[in-house]
Amino acid sequence: MFIIYTEHSFHTPKYSAIFNLVVADLGGSTAFIPNLIATFLFDSKYISFDACLANMFFVFFFSSLQALTLTVLAYDRLVAICLPLRYHAIITMQAMAVILTVVWTYDSVLLILMVSLITRLSFCKSIVVESYFCDHGPIYKLACNDNLINSIMAKLTMVLFLYLPLILTVLSYAFIAGALFKIASWEGRLKAIKTCSAHLMLVAINYLPIMGTYIAALTFTLHPNARIINTSLANAIPPMMNPIIYVLNTEEVKEFSKKLFKRKKNNHK
């Protein structure tokens, strides 16, 4: 975040989206990791109802923001490869600001609605949540009164924040693949693929554990511990890998690091 903020050459639409991805990573880790440490290392198994709702909102908000931002970056790569001559006219700083504002609003409104609907439920039996955080599914299933609206909301948010971004990302790469076949030289194709490699790795890291968990849950009864392991990996690994793959491993950041090192070296001399 510091590198993108301080270096003027990174003040571009693409790096604005990457900055947003890093914010999502930082927020998600802050919402998720401390509770995980408290639960598993310090055996802290109690949480108030209001704190539970806050935890639910922030974990889902930042994980959804991550998926949506990866979709925005897929759109950026789509325009860069399929419409290279019009890229700077279409993907402007103003356009990216509007897109990211829509993403934050869309994410906030739907998740505030999802979490607020939990308050209509009554918990007269068990209040033990079979998860490592205040997970929406295990909580609304504990309700004694009708939870049909919560069940519908759970499925709706899954479609809008998991399946829809994934479908849009896959469609983007289908169009990109079509554009690559039109490039005559293999050198040109490899160069275009290289610009997408970091994004493709992040998409795989982000979606595979989550999709594996949900598909397994639909096809057979998934043990709570297996669900916990898969979803915790899905929440912990992408924020750890994103800065390495998307920032530290890019040529622009490497060049910036070299310039910074040379500047410090010259000042020392």
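If you're wondering where the values come from, they're calculated on a predicted model, not measured in any experiment.

1. Notes on the nonpolar core
Line of reasoning, step 1. Ranked by size, the top nonpolar core spans 52 residues in total, and within it Met56, Leu111, Met114 and Ile118 carry the most contacts.
Line of reasoning, step 2. Listing elements by their share of this core, those giving two or more residues are helix H2 (13–40), helix H3 (49–82), helix H5 (93–116), helix H6 (136–140), helix H7 (148–182), helix H8 (186–219) and helix H9 (224–248).
Line of reasoning, step 3. Of the residues forming this core, the biggest block, 14 residues, is contributed by H3.
Line of reasoning, step 4. Those residues in contact with Ile118, other than ones at most four positions away along the chain, are Phe49, Leu53, Met56, Phe123, His136, Ile139, Tyr140 and Asn150.
Line of reasoning, step 5. Among the nonpolar cores identified, the runner-up in size contains 8 residues, and Ala74, Leu78, Tyr173 and Ile176 belong to it.

2. Here we look at the state of the cysteines
Line of reasoning, step 1. Evaluation of the coordinates by the stated rule reveals 2 disulfides.
Line of reasoning, step 2. Covalent S-S linkage joins Cys52 and Cys134, the inter-sulfur distance amounting to 2.1 Å. Residues Cys52 and Cys134 are joined by a disulfide whose S-S torsion is about -125 degrees; by sign, that bridge is left-handed. Remark: Cys134 occurs in the loop between H5 and H6 and Cys52 occurs in helix H3; sequence separation between them is 82 residues.

What counts and what doesn't
- Residues numbered from 1 in each chain as written.
- Predicted model: local features only at pLDDT ≥ 70, side-chain atom pairs only at ≥ 80, totals over all residues.
- Heavy atoms only, no water.
- Core = buried A, V, L, I, M, F, W, Y, C linked by side-chain atoms within 4.5 Å.
- Buried < 20%, exposed > 50% of the residue type's maximum accessible area, 1.4 Å probe, protein only.
- Helix = DSSP H or I, 4+ residues; strand = E, 2+ residues; numbered from the N terminus.
- Contact = heavy atoms within 4.5 Å.
- Disulfide = S-S within 2.5 Å.

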